[in-house]
Amino acid sequence: MDNNDKIKKSIVESIIVISIMVIYAVYGIHFIPSLMLLIPLPFIILGVRNHIYNNILSIVIASLIIQLLLGSTTGASLVLLFAPLSIAINYCIKYKKNNMETILISTVVFLISFLLIISLGEKVSDFNFTKSLENFLSQSINMQLDIFKELGVSNEELLRIAESLEDQNKTIMVRIPSFLIIISFLITYINIFFASIALRKMGYGYVNVQRFSRFKLPNNIIPGIGIMFLAAYIMKSLEIQYHGALILNITFLAGFIFMVQGLAVVDFLLIKAKIKSILRFILLALNIFILPTSTIMFLIGVADSIFDSRKLRRQRS
C-alpha cells in the first residue's frame, strides 16, 4: 500500500469513528448510557491502526461537532474526559508496554483527567461534585426512612436506622478518593481488554490480550502497601490532619486490589477446569457480592502475591 492509499485509509477510518461518536453523543447516550464506558475504544483502535495523531485529531473534531450540534458542553466534555485515556492506551499498545505498565499508566491518566473535568466544571458552572454526592446520599436516607415509616417502624428504631445510615454516608464520603481510583481502574481495564481483543482480530499480533485470569499485581505491591500504612501511622503519631481518612482509603484500596487478584486466580482455575465463559462470569460475580467469599478472594489474592500460585513470574522472566 503506497502513501496515498494509507492517507486515504486513515481519513476514511477517522471519518467513520468521528461519525459513530457524534451519533452516539447526540442520540445514543440517552438510550444506552452504559456504552459511555467504551467511548475511548474506537479512538484507540483508530490510533493503533494509523497513528496516534489520528486519535487526537479525531477526538478534537468529534468534540467540536458535538458541541455545535448540542449547543452545550455535556457531550463534548464526555469525549474530552475519555480523550487522555484513549491516547494513553494507544501509546502503551503502540510502544508495547507490558500489561501492568499499560494498566497503571492509563488508570493514572484517566484519574487525573476525571479530576480536572470535575475541577473545571466547578469553576465554569455552579456544579459541585462533593455537594452533589452529599445531596444524593441525603435524599437516599430520606427515601429509606420514608419506606421504614410506611412499614410502621417505631420512632426510636427510626432514629437508630437514621444514625446508622448517616455513618455509612460519612464513610462513603471519606472513601471518595478510593472510589475514584477504583472506577478509573475498571473503566481503563475494560477499554484495554476490548481494544486488545479487537486489534488481535484485525491482525495486530503484537498486541497482548489482557486476560483477566492473568491479572497480577506488581511483585513489590505488599512492601509498597506496608510503606503507605507506615507513613499513615507516622502521620497519626505526629497528629497530622486527615491521617484517619488516609488509613481508611489505603485499607479499602488494598482490600479491593487483592480481591481482584483473588478473583483472577479463581478465573484461572475455572479456565483450567474448562468451565464456560458465561458460568465463569456468574461465579465470579457471586464471589464479589457475597461478603464471606469476597473476604476469601482477598486472602487468595494476598497468598498469590506471596507464593505466585499461577507461576506467572516465571513466564514473564
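Residues numbered from 1 in each chain as written. Predicted model: local features only at pLDDT ≥ 70, side-chain atom pairs only at ≥ 80, totals over all residues. Heavy atoms only, no water.

Another point: the overall build of the protein. When helices and strands are tallied, the protein shows 13 helices and zero strands. Expressed along its principal axes, the backbone C-alpha trace of the protein runs to roughly 75 × 55 × 45 Å. Counting the 317 residues in the protein, one finds 37% classified as buried. Contacts in the protein between residues far apart in sequence, at least 24 positions, make up 71% of those at least 6 positions apart. The positive charge centre, built from 28 side chains, and the negative charge centre, built from 18, are 18 Å apart in the protein. (Helix = DSSP H or I, 4+ residues; strand = E, 2+ residues; numbered from the N terminus. Buried < 20%, exposed > 50% of the residue type's maximum accessible area, 1.4 Å probe, protein only. Contact = heavy atoms within 4.5 Å. Lys, Arg positive; Asp, Glu negative; His and termini not counted. Charge placed at Lys NZ, Arg CZ, Asp CG, Glu CD.)

With that out of the way, let us pick up the pattern of salt bridges. Under the defined criterion, the tally for this structure stands at seven salt bridges. A salt bridge links Glu-157 to Arg-160, with the nearest nitrogen and oxygen atoms 3.1 Å apart. Of this pair, Glu-157 and Arg-160 both sit in helix H7 (residues 155-174), separated by three residues, roughly a single helical turn. As a salt-bridge pair, Arg-280 and Asp-267 come within 2.7 Å of each other at their nearest N and O atoms. Remark: Asp-267 occurs in helix H10 (residues 243-272) and Arg-280 occurs in helix H11 (residues 277-289); sequence separation between them is 13 residues. By relative accessible area, which is 16% here, Arg-280 ends up buried. Exposure remark for Asp-267: the relative accessible area of 5% places this residue in the buried category. (Salt bridge = Lys/Arg side-chain N within 4 Å of Asp/Glu carboxyl O.)

The next point concerns the confidence of the model for the protein. Per-residue pLDDT for the protein averages 85, and the proportion of residues at 70 or more is 95%. Per-element averaging of pLDDT across the protein places helix H13 (residues 312-316) at the bottom with 65 and helix H2 (residues 40-49) at the top with 92. (pLDDT = per-residue confidence, 0-100.)

What follows deals with the side chain of Asp-308. On the secondary structure map, Asp-308 appears in the loop between helix H12 (291-307) and H13. Within the structure, Asp-308 has its side chain in polar contact with the backbone nitrogen of Leu-312 (distance 3.1 Å). (Polar contact = N/O pair within 3.5 Å; in protein donor to acceptor, adjacent residues only side chain to side chain.)

For Ile-23, the position within the fold is in helix H1 (residues 3-31). You can call Ile-23 exposed: its relative accessible area is 51%. Ile-23 sits 43 residues away from Ile-66 along the chain, and the two C-alpha atoms are 8.7 Å apart.

Now for unusual backbone geometry. For Asp-308, which is not glycine, the phi dihedral falls at a positive 55°. Judged by its relative accessible area of 6%, Asp-308 falls in the buried class. Its identity is not glycine, yet Lys-311 carries a phi of approximately 60°, on the positive side. Tracing the backbone shows Lys-311 in the loop between H12 and H13.

So, about the packing of aromatic side chains. Remark: the centre distance and the inter-plane angle together describe each pair of aromatic rings, the angle taken between the planes. This structure, assessed with the given rule, holds twelve aromatic pairs. Ring centres of Tyr-91 and Tyr-95 lie 4.9 Å apart, and the angle between their planes is 40°; this geometry places the pair in the tilted category. Using a relative accessible area of 39% as the deciding quantity, one classes Tyr-91 as partly exposed. Ring centres of Phe-110 and Phe-114 lie 6.1 Å apart, and the angle between their planes is 10°; this geometry places the pair in the stacked category. (Phe/Tyr/Trp six-rings, centres within 6.5 Å; stacked < 30°, edge-to-face > 60°.)

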